[in-house]
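# Examining the three-dimensional arrangement
If you want the building blocks of each chain, they are given just below.
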Amino acid sequence: MQKIAQGIYFENAYPGVTIGAVILPMGTILIDAPMRAEDARSWLATLLNLGAKPNRILVNLDAHPDRTLGARSMECTIIAHQKTAQVFRTRPSIFKGQNAESGSEWETYDDVVGTRWAAPDITFTSSLSLHWGDPEIVIEHNPGPSQGSTWVSIPALQVVFIGDAVLTDQPPFLTNADIPAWVESLDLLLRSYREYQIISGRGGQVTHDDVNVQLHHLKNILKGLEKLAKRNAVPEDIENLIPGLLADLKFPVELREQYIQRYRHGLYQYYTRRYRPSDSNSE
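In this text, all values refer to a predicted model and were calculated from it rather than measured experimentally. (Residues numbered from 1 in each chain as written. Predicted model: local features only at pLDDT ≥ 70, side-chain atom pairs only at ≥ 80, totals over all residues. Heavy atoms only, no water.)

## A short note on the overall build of the chain
Helix and strand counts for the chain come out as 8 helices and 13 strands. Here the C-alpha radius of gyration of the chain, 18 Å, is about what a compact globule of 283 residues would show, namely 19 Å. In terms of overall dimensions, the chain has C-alpha extents of about 60 × 40 × 40 Å along its principal axes. Within the structure as shown, the chain displays about 12800 Å² of accessible surface, and the carbon and sulfur contribution to it stands at 46%. Considering the chain, the positive charge centre built from 27 side chains and the negative charge centre built from 33 side chains are found 3 Å apart. (Helix = DSSP H or I, 4+ residues; strand = E, 2+ residues; numbered from the N terminus. Rg over C-alpha atoms; globule rule 2.2 N^0.38 Å. Areas by Shrake-Rupley, 256 points an atom, 1.4 Å probe, with all protein chains shown as cover. Lys, Arg positive; Asp, Glu negative; His and termini not counted. Charge placed at Lys NZ, Arg CZ, Asp CG, Glu CD.)

And the structure:
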């Protein structure tokens, strides 16, 4: 666990995503959840030892299973964007682990299959603020990795949690992405959060250089997809983009197949959804 500022922490040790917490006088704001129930219990115990109050609220930064499978184990009210909440309406009540081909973290942990989802209790459209004693917590919609992607910021302490908006040396999740909106969100991050400590949902603290690298990578992906679309390429041709995209990243060799699959799945889904909707509908 790493302390960012007074009462603000993030944890990288659990499988799934980087999680965060803001300990306030009247309660604790949790940012995403550990994927497994035993990790959720460990995380809550750690926070109690740091002086966290029993009152707590969980913010889901999007609907990705890696960050939402453990939400029920946090045993608290859940806040998410309304488009994130809509995703849960289409999910069965119990996670059955179908379609394990997206290159996500949950796919390497069989014990999460059978988890019961916890849908958001409170939703918002643009932004909302929480006041459990100073400092103010701002929850804001910033689409890109998904339609409901959300950031949590603490303006007084210049800290912002950005979920999957920036991933260092790993492929972005493209299945439900909107790349032009994502680019706009990253431009906002560079422009309006210049003095902030930025916490990624996968990997922890990142720099503005990392934001620029992510921006460049997304633009390369978009350029490659648009070239395919201009020649009306079949969706399977996205495979040709993967070697060049992987070359931009530095990662352990044992993750290569997982990352190839993440690109393969995400690029295929994005291309058919945005450029070949008739192919997508026929499936």
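Structure's up, so let's keep going.
## Considerations on the sheet that holds strand β9 (residues 137–141)
Read across the open sheet, the 6 strands follow the order β8-β9-β10-β11-β12-β13; overall the sheet is mixed. A strand with exactly one partner marks an edge of an open sheet, and here the two such strands are β8 (127–130) and β13 (204–206). Ignoring which end each strand starts from, the neighbouring axes of this sheet average 25° apart. As paired strands, strand β11 (residues 159–161) and strand β12 (residues 197–200) are joined by 3 bridges and run parallel to one another. Bridge pairing in β12 places F161 opposite I199. (Pairing = 2+ DSSP bridges. Axes fitted to C-alpha atoms, helices over the stretch in contact; angles between N-to-C directions.)

## As for the sheet that holds strand β7 (residues 122–124)
Taken in spatial order, the 7 strands line up as β1-β2-β3-β4-β5-β6-β7 in an open sheet, and their pairing is mixed. At either end of the open sheet lies a strand with only one pairing partner, and these are β1 (2–5) and β7. Taking each pair of neighbouring strands and ignoring which way they run, the sheet shows an average axis angle of 25°. Taken together, the 4 bridges between strand β4 (residues 27–31) and strand β5 (residues 56–59) define a ladder with parallel strand orientation. By the bridge assignment for β5, I29 is matched with I57. In the packing of helix α1 (residues 37–49) onto the sheet, the strands contacted are β2 (8–11), β3 (19–24), β4 and β5, and the crossing angle to β3 comes to about 30°. Sheet strands touched by helix α3 (residues 82–89): β6 (77–81) and β7. Its angle to β6, the strand with the most contacts, is close to 110°. (Contact = heavy atoms within 4.5 Å.)

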